[in-house]
Amino acid sequence: MPYLCSRKQTKRKQNDQKINKMTTLVHFTKMHGAGNDYIYVDTLLYNIPDPAEVARRWSAPHTGIGSDGLVLIGDSNIPEADFSMRIFNADGSEAMMCGNASRCIGKYLYEKGITTKEEIRLLTRSGVKVLKLHVTDGKVESVTVDMGEPQLENTEQFLPSRGLDKGTFVSMGNPHYVIFTDDVDQVGETGRKLENHPAFPQRCNIEFANILPDGRIRMRVWERGSGITMACGTGACATAVAATVTQRKGRESILLMDGGELRIRWDETDNHVYMTGPAEFVFEGDIEL
């Protein structure tokens, strides 16, 4: 494993430099998937002792880098996965999983030469997710993520205290409440309230969706711990599942979010949800820990 050895040697060298120069600079990469932007750090090269605090500070739009949160990329401690990911929202809370971030990790690992695999097993707090990279001329054009089986409970739950129409609760390893409505722009006011509704003791991601005349699903999202974001991969999956179980759509959907489109397929054979979408580098830099 010559590459891993070189990474460890690099880490020791960088740690020595930190001691000698009395600096705590960390190299980061900013990426986005359909506008859902995170700060990515390779934890084999850098130790982040308090990721919750770092996520809050670095995610700040005016005094930090600005992002929806912090993603830590590391080795896997189980043989079933190749790499691991931890994700911290902009408010410092740790998330279970992020579909957009997982696609970005696939691109990061491949294009930085950390792996040559075009199918990567990624360990998350929601289990192992399989990433299939779609590569052209050495560049990852898009990534398909096996998001696993959706969990449905309290389907068509009614929240009368908010005066809302019926919504659908779907877990994609993290909780989502999907409301089909003509007014998806209520995401700010209503999403903020519903995130902390008593029906959701662990807080909840809230999606507002509308079926467009061309068949696509227009969706806006309030993410727990981050607020309004331009896209949410697990939210897109949850919305597509909700559209199917409420007989609004079939098992394949295109989700149109503020940051772009994702293609979602809920497979009948294995009951897994597959998400395909882009991943992009934004910029890199160094920042004090």
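Computed from a prediction, not measured in an experiment: that's the story for all the values here. (Residues numbered from 1 in each chain as written. Predicted model: local features only at pLDDT ≥ 70, side-chain atom pairs only at ≥ 80, totals over all residues. Heavy atoms only, no water.)

Draft legend 1. Here's a closer look at the pairing of strand E15 (residues 252-257). Because side chains alternate across E15, one face comprises the buried residues Ser-253, Leu-255 and Met-257, and the other comprises Glu-252, Ile-254 and Leu-256, none of which is buried. When strand E13 (residues 217-223) meets E15, the two strands line up parallel, connected through two bridges. The residue of E15 that forms the bridge with Arg-218 is Leu-256. Here six bridges tie E15 to strand E16 (residues 260-266), and the two strands are oriented antiparallel to one another. (Buried < 20%, exposed > 50% of the residue type's maximum accessible area, 1.4 Å probe, protein only. Helix = DSSP H or I, 4+ residues; strand = E, 2+ residues; numbered from the N terminus. Pairing = 2+ DSSP bridges.)

Draft legend 2. Summary view of the environment of Gly-227. Within the element layout of this structure, Gly-227 appears in strand E14 (residues 227-229). It is 8.8 Å that separates the C-alpha atoms of Gly-227 and Ala-90, two residues lying 137 residues apart in sequence. In this view, Gly-227 contacts Val-221 and Trp-222; residues no more than four positions away in its chain are not counted. (Contact = heavy atoms within 4.5 Å.)

Draft legend 3. How the structure looks around the environment of Glu-223. Mapped onto the fold, Glu-223 is located in strand E13. Residue classification places Glu-223 among the buried positions, given a relative accessible area of 6%. Residues Glu-223 and Gly-235 lie 12 residues apart in sequence; the distance between their C-alpha atoms is 8.5 Å. Those residues in contact with Glu-223 that lie beyond four places of it in its chain are Asn-36, Tyr-38, Asn-205, Thr-229, Ala-231 and Cys-232.

Draft legend 4. Spotlight on the nonpolar core. The biggest cluster of nonpolar side chains holds 52 residues, and the ones touching the most others in it are Tyr-40 and Ile-264. Broken down by element, this core gets its largest block of residues, seven residues, from helix H5 (residues 233-245). Sequence-distant contacts of Ile-264, that is, excluding residues within four places in its chain, are made with Ala-236, Cys-237, Ala-240, Arg-251, Glu-252, Ser-253, Leu-255, Val-273, Tyr-274 and Met-275. (Core = buried A, V, L, I, M, F, W, Y, C linked by side-chain atoms within 4.5 Å.)

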